[in-house]
Amino acid sequence: MKKILAFIILSVLVSTTVPAHALYTELGLSYGRKTTTFDENNSFDSESITGSLSLYFLERLALELSYTDARGLREEKASASDAQRTTTQKSQIMGADLILVFADKKALFQPYIKGGGAQISRYQEVKIQGQDTFTIEPEKATVPSYGAGLKIQLTETFGVKLSYDVWKTPIGGGLQTDDTAVRAGITWVL
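The structure displayed is predicted, hence computed values, not measured ones. (Residues numbered from 1 in each chain as written. Predicted model: local features only at pLDDT ≥ 70, side-chain atom pairs only at ≥ 80, totals over all residues. Heavy atoms only, no water.)

Notes on the pairing of strand β6 (residues 133-136)
One face of the sheet, then the other: side chains in a regular strand alternate in exactly this way. Applicable threshold: The pairing criterion is simple: DSSP has to find at least two bridges between the two strands. The secondary structure listing takes helices from DSSP runs of H or I that are at least 4 residues long and strands from runs of E that are at least 2 residues long, numbered from the N terminus.
Pairing geometry for strand β5 (residues 109-128) and β6, over four bridges, is antiparallel. Bridge pairing in β6 links K127 to T133. With antiparallel pairing between neighbouring strands as the criterion, β5 and β6 make up a hairpin whose turn holds four residues, including G130 at a positive phi of roughly 80°.

Here is the structure:
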């Protein structure tokens, strides 16, 4: 009896769902860069490149798969007599997010929000002038992620994408921090 009832409920749900929409795909490429210089001996430079593939299964709902490669370089020296310290940090982030777009796909401005998860792999190398180099490689972590953005659809197939993304990244001892990225990029609808 339970199997028949479950079959009837499933049949009703399938036959009364919203009409199917054509699946379409969107490719994206984003770049972010930040340079901060305190003085001639102290600076920070970071950049990231992100590629994404969004599979729209409804007009305003998509699954976005992304890969980000990020690099940071920090040079520090407290005084002229101190040894130069150079820290290089590299991160790879693979993400999967659901995106909800608040406008039609033909609209000029298409704001959106997203949420999901990401796997983060990090590596840090520290060089101190006149001393040994050492590395830090924390464990890979799977963390929640979320964000918001705006897509400006310039033609039917080409647009500009601006986004703000957040990852809950572990920093040891059971603690987490919010790692963020502001990006600008281009997008193609296939």
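Re the environment of W188
Locating W188 in the fold gives a position in strand β9 (residues 175-189). Expressed as a C-alpha distance, the spacing of W188 and T157, which sit 31 residues apart in the sequence, is 5.3 Å.

Concerning the side chain of R183
Just so we agree on the cut-off: Any N or O atom pair separated by 3.5 Å or less is treated as a polar contact, with the protein-specific requirement of one donor-capable and one acceptor-capable atom, and with residues adjacent in sequence counted only for side-chain atom pairs. Pairs of residues are marked as contacts when any of their non-hydrogen atoms sit within 4.5 Å.
Along the chain, R183 falls in strand β9. A polar contact of 3.2 Å, which involves the side chain of R183, links it to the side chain of T68. In contact with R183, not counting residues within four places along its chain, are S30, Y31, T50, T68, K161, L162, S163, D165 and W167.

Comments concerning the confidence of the model for the protein chain
Definition in use: Per-residue confidence from the prediction method is given by pLDDT, with values spanning 0 to 100.
On average, residues of the protein chain score 86 in pLDDT, and 88% of them reach the 70 mark or higher. The element-level mean pLDDT for the protein chain is lowest in helix α1 (residues 2-15), coming to 50, with strand β7 (residues 141-153) highest at 95. Considering only residues more than four positions removed or in separate chains, one finds that residues 12-20, a stretch of pLDDT under 50, has zero contacts.

Some words on the packing of aromatic side chains
Operational definition: Here a Phe, Tyr or Trp ring, Trp counted by its six-membered ring, pairs with any other such ring whose centre lies within 6.5 Å, and the pair is stacked when the planes are under 30 degrees apart, edge-to-face when over 60, and tilted otherwise. Only protein chains enter the accessibility calculation, which uses a 1.4 Å probe; a residue whose area is less than 20% of its type maximum is buried, one above 50% is exposed, and one in between is partly exposed. The rule is short: NZ of Lys or CZ of Arg within 6 Å of the ring centre and within 35 degrees of the ring normal puts a charge over the ring.
Under the defined criterion, the tally for this structure stands at two aromatic pairs. Here Y24 and Y56 contribute two aromatic rings whose centre-to-centre distance is 4.5 Å and whose plane-to-plane angle is 5°, an arrangement assigned as stacked. Linking Y24 in strand β1 (residues 24-39) with Y56 in strand β2 (residues 42-58), this pair joins segments that are 32 residues apart in sequence. Across the pair, exposure class does not vary: Y24 and Y56 are buried alike. A ring pair is formed by F158 and W188, whose centres lie 6.4 Å apart and whose planes are at 55°; its orientation type is tilted. Note that F158 is positioned in strand β8 (residues 158-172) and W188 in strand β9, a separation of 30 residues in sequence. K105 extends its terminal NZ or CZ atom over the ring of Y24, reaching a point 4.2 Å from the ring centre.

Topic: the pattern of salt bridges
Test applied: The rule for a salt bridge is simple: a side-chain nitrogen of Lys or Arg has to be within 4 Å of a carboxyl oxygen of Asp or Glu.
Applying the stated criterion to the full structure yields 13 salt bridges. Across the pair K161 and E26 runs a salt bridge, and its minimum N-O distance is 3.7 Å. With a gap of 135 residues between them, K161 in strand β8 and E26 in strand β1 connect regions that are remote in the sequence. Residue class for K161 comes out buried when judged on its relative accessible area of 8%. Taking the relative accessible area as the measure of exposure, E26 reaches 1% and is therefore buried. Residue R85 is joined to E76 by a salt bridge in which the shortest nitrogen-to-oxygen separation is 3.9 Å. For E76, a relative accessible area of 31% corresponds to the partly exposed category. Within this structure, E26, E64, K114, K151, K161, D165 and R183 form a network of salt bridges that share partners.

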